[in-house]
Amino acid sequence: MSSKAVSALNFWPSRNEFLLSQLKVAGVLAIACFGDKFEPSYERNKNHNMTLFWGFHALLLVVSIGTWTHKAPRDPNSSRITFLS
């Protein structure tokens, strides 16, 4: 039994794609952080219109289920995880 260290970078097609996806996530987090600290923001625990809140959650659920797809792995005998990117 060999105990070889496996890096997450080994599963990506290239290091540049991995770094690009990390930069995209950092950008989304930066926008979220800015939006949370922007002054006319309200407390996040106060939802003034609960019908609108739950209605949009139901809409998101329907859209996510409607766009859900499954692609079979290239190698049907493989037990590896297939990345979506």
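A quick note: this is a predicted structure, and the numbers were derived from the prediction, not measured.

1. Some thoughts on the overall build of the chain
Scanning the chain from terminus to terminus reveals two helices and zero strands. Taking all 85 residues of the chain together, 2% fall into the buried category. Surface exposure of the chain reaches about 8600 Å², of which carbon and sulfur atoms provide 64%.

2. Regarding a nonpolar patch on the surface
Side chains of Leu52, Phe56, Leu59 and Val63 sit close together on the surface and give an oily, nonpolar patch of about 380 Å² of accessible area. Tracing the backbone through its elements, the reader meets Val63 in helix α2 (residues 50–66). The exposure class assigned to Val63 is partly exposed, which follows from its relative accessible area of 47%.

3. What to know about the packing of aromatic side chains
Tallied over the full model, the rule gives one aromatic pair. Where Phe53 meets Trp54, the ring centres are 5.0 Å apart and the plane angle is 80°; that geometry is what we call edge-to-face. For Phe53, a relative accessible area of 26% translates into the label partly exposed.

Thresholds, definitions, all that
- Residues numbered from 1 in each chain as written.
- Predicted model: local features only at pLDDT ≥ 70, side-chain atom pairs only at ≥ 80, totals over all residues.
- Heavy atoms only, no water.
- Helix = DSSP H or I, 4+ residues; strand = E, 2+ residues; numbered from the N terminus.
- Buried < 20%, exposed > 50% of the residue type's maximum accessible area, 1.4 Å probe, protein only.
- Areas by Shrake-Rupley, 256 points an atom, 1.4 Å probe, with all protein chains shown as cover.
- Patch = residues over 30% accessible without salt bridge, like charges linked within 9 Å, V, L, I, M, F, W, Y side chains within 5 Å.
- Salt bridge = Lys/Arg side-chain N within 4 Å of Asp/Glu carboxyl O.
- Phe/Tyr/Trp six-rings, centres within 6.5 Å; stacked < 30°, edge-to-face > 60°.

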